[in-house]
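The chain contents come next:
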Amino acid sequence: SLVVYAKVLDDHNGWFEFLPARNFDDPRLAPGVQSTDSYLPPRAPHRFTVDGGDSFDNWNGADLVRSRVASLGVKWNHDIGGGWSLANNLKYADNRTDWSTGAVIFPVPLGDFANYILTNTFGPPFAGTFNFYDRRTGTLLATVQSFSGFDHTVTYNNLPNQQALQDGILTQAALNSHNRARELMEQLSVTKELETMSFTIGGYFARSDVTAGGGGSGFGLSPIENQPQLFDITLTTPGGAVQQVTSPEGFTGVGTTPVGFPSDAVQTQISAFFGHNWKFASDWTLDWGVRYEHMKISGGNSPGTSVLPLAGGLDGDPDTLYDNIIQTFLPKLRYSGSLNFANYTAALARKVGESQLLYVRYSDGKKAPDLAYYQGLNSPQLIATADPVPQHIQQFELGYRYADERLSLSASPFYSRLSDIGTVQNATDDVGVFYTLPVLYSRTETLGVELDAAYRFSKRFDVHSVITLQNPKSKDVRVWQVGAPIRSDDAIVATPDGVADNNPKVMANTTLTVR
């Protein structure tokens, strides 16, 4: 049989948001915060320089995350005869994501020094009074006095939702990122079937060409409120001059403070696998397999940016501070490496009557670190000391299945453990340079059950439902506490074991099929 398939997708979606909470051990939303609130920045469309004024890009918060996929594949299955069969699957995919949304949205006190580092207004040239206005009405919401450019004292506060955090505001980074992955995947396997067993041997090849990067589309501040607008910020100097801190759209650092530096990578994966299914008794079956993986990667990452002196910024006006500092990316640093590891799985099943099955399965495997690990290799020191650790996956599963002509049911309790999860953190030093901290590792343990049910009403109509109930726990999590904006005080802090983030406790879906 020969099947040719294709997929085309062009979609816009948001991504998860964090809301202010209190009580680390038993988190609850802060007073005045609703679970339906959205703190994403407004549309605020604007144009910004990517590389010091030579080229430009656009940001619009309404675009959110645009995902585009174009793929084409061919499946070929052939019965050779004599119990031999061949299966081949070839696929090419071009995946793109363009991010134009918010990031680093976090409640902080208005007087926090980090706000002024990220808005390029930290230090002696920026002594005076900062004024924070409602962009829609022009109402003055807060003022901050700075005598040296390093100290920041809130002198007037008419901000909303101060019960959530005293002098609280939200940081708002305009996340701009363009990612593309072009992938070629090929799998070939040969199977030999005997009376009580079958053997499968095969190979897999994949090549991925990945590019990623973004520009400095800006950094803003907003009140803590649902669907916030960015502040209009001015600075009144001791001499009485009024300088415009934010752009007409509400951002500072337009053309600088990028969230993601340019990177490229080529990853090649070669695998060989073997599987054996053996019915060693009338009601008993043993199914096991092994897989060997070789992964090679090479790429390059820009280590940061360099400041380009430009009197008055792009518009030539020294009193419009939002574009007075522009940057260009430094040349990429190259790296390369490889990993080798093996995966295996085994299952023992017993048939009970004609319609029921019991089984137990254990799997143990590894996979390459996330691409973010390699994208964080952006200094000679990190490249020289790089020691990528594959993530380790272990799962133990029990299962029960029932099937007749119309109804099928299954229940699969499971325990899984994912260890050596690397976390990449970035920080900003005292001169506004982004840098990557050494990777820290943790693990996640999950206990759960998957329930599956399908019912065929007729030859043309059936329904299929799946629900997973699980309790994911994070273990041995450590994070970098960067402290003051200097690299020397960065310290590792252990966090208590608890509920794993971004892991739902309930997942469910139902599919109706009409033929």
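Conventions and cut-offs
- Residues numbered from 1 in each chain as written.
- Predicted model: local features only at pLDDT ≥ 70, side-chain atom pairs only at ≥ 80, totals over all residues.
- Heavy atoms only, no water.
- Helix = DSSP H or I, 4+ residues; strand = E, 2+ residues; numbered from the N terminus.
- Buried < 20%, exposed > 50% of the residue type's maximum accessible area, 1.4 Å probe, protein only.
- Salt bridge = Lys/Arg side-chain N within 4 Å of Asp/Glu carboxyl O.
- Core = buried A, V, L, I, M, F, W, Y, C linked by side-chain atoms within 4.5 Å.
- Contact = heavy atoms within 4.5 Å.
- Pairing = 2+ DSSP bridges.
- Axes fitted to C-alpha atoms, helices over the stretch in contact; angles between N-to-C directions.
- Phe/Tyr/Trp six-rings, centres within 6.5 Å; stacked < 30°, edge-to-face > 60°.

Looking at this model, I keep getting lost on the environment of phenylalanine 147. Mind explaining?
Checked against the element boundaries, phenylalanine 147 lands in the loop between strand S9 (140-146) and strand S10 (153-157). For phenylalanine 147, a relative accessible area of 68% translates into the label exposed. Measuring from C-alpha to C-alpha, the distance between phenylalanine 147 and proline 124 comes to 8.4 Å, with 23 residues separating the pair along the chain.

Sorry, what's going on with the pattern of salt bridges here?
Any two side chains of opposite charge can pair if their charged atoms end up close together. Scanning the entire structure with this criterion turns up 18 salt bridges. Among the salt bridges present, the one from aspartate 98 reaches arginine 68, with a minimum N-O distance of 2.7 Å. One end of the pair, aspartate 98, is in strand S7 (residues 84-109); the other, arginine 68, is in strand S6 (residues 64-81), with 30 residues separating them in the sequence. Relative accessible area serves as the criterion here: at 24%, arginine 68 is assigned to the partly exposed category. Ionic pairing is found between glutamate 225 and arginine 136, a salt bridge with its closest N-O pair at 3.6 Å. Linking glutamate 225 in the loop between strand S13 (219-222) and strand S14 (232-236) with arginine 136 in the loop between strand S8 (128-133) and S9, this pair joins segments that are 89 residues apart in sequence. According to the relative accessible area criterion, glutamate 225 is buried, its value standing at 19%. A single salt-bridge network, built from bridges that share partners, covers Arg417, Arg443, Glu445 and Asp476.

Honestly, the nonpolar core in this entry has me stumped. Any pointers?
Leu110, Phe130, Phe132 and Phe231 are the most contacted members of the largest nonpolar core, which has 22 residues in total. Put simply, the parts of the chain that give this core at least two residues each are S7, helix H1 (113-118), S8, S9, strand S11 (168-193), S13 and S14. Other than its neighbours up to four places away in sequence, phenylalanine 132 contacts Leu110, Tyr116, Thr139, Leu140, Leu141, Ala142, Val144, Leu221, Phe231, Asp232 and Ile233. Of all hydrophobic cores here, the second largest spans 11 residues; its members include Ala265, Tyr335, Tyr374 and Leu382.

Looking at this model, I keep getting lost on the pairing of strand S26 (residues 440-456). Mind explaining?
Put simply, side chains in a regular strand alternate between the two faces of the sheet. Pairing analysis gives 15 bridges linking strand S23 (residues 407-423) to S26, with the strands arranged antiparallel. In the sheet register, threonine 423 faces S26, and the bridge partner there is leucine 440. Two elements, S26 and strand S27 (residues 461-475), share 14 bridges in a ladder whose sense is antiparallel. What sits directly across from leucine 451, in S27, is isoleucine 467. Hairpin connection, S26 to S27: the antiparallel pair is bridged by 4 residues.

Help me out: how do you make sense of the sheet that holds S9 in this one?
Sheet strands pair by backbone hydrogen bonding; their relative direction is either parallel or antiparallel. Read from one edge of the open sheet, 5 strands run S10-S9-S8-S14-S15, paired in antiparallel fashion. The open sheet has two edge strands, S10 and strand S15 (242-244), and neither has a second partner. Put simply, the sheet's adjacent strands are angled 25° from each other on average, direction ignored. Pairing of S9 with S10 involves 4 bridges; the strand directions are antiparallel.

Sorry if this is basic, but what is going on with the packing of aromatic side chains here?
Tallying each qualifying case throughout the model produces 15 aromatic pairs. Ring centres of tryptophan 59 and phenylalanine 251 lie 5.4 Å apart, and the angle between their planes is 75°; on these two criteria the pair is classed as edge-to-face. You can see tryptophan 59 sitting in strand S5 (residues 56-59) and its partner phenylalanine 251 sitting in the loop between S15 and strand S16 (263-281), a full 192 residues away along the chain. Pair check on accessibility: tryptophan 59 and phenylalanine 251 agree, each one buried. Taking the centre distance of 4.9 Å and the plane angle of 75° together, the rings of tyrosine 455 and phenylalanine 457 count as edge-to-face. Overall, phenylalanine 457 belongs to the partly exposed group, its relative accessible area being 42%. Among the aromatic residues, ring-to-ring pairing joins Phe199, Phe274 and Trp288 into one connected group.

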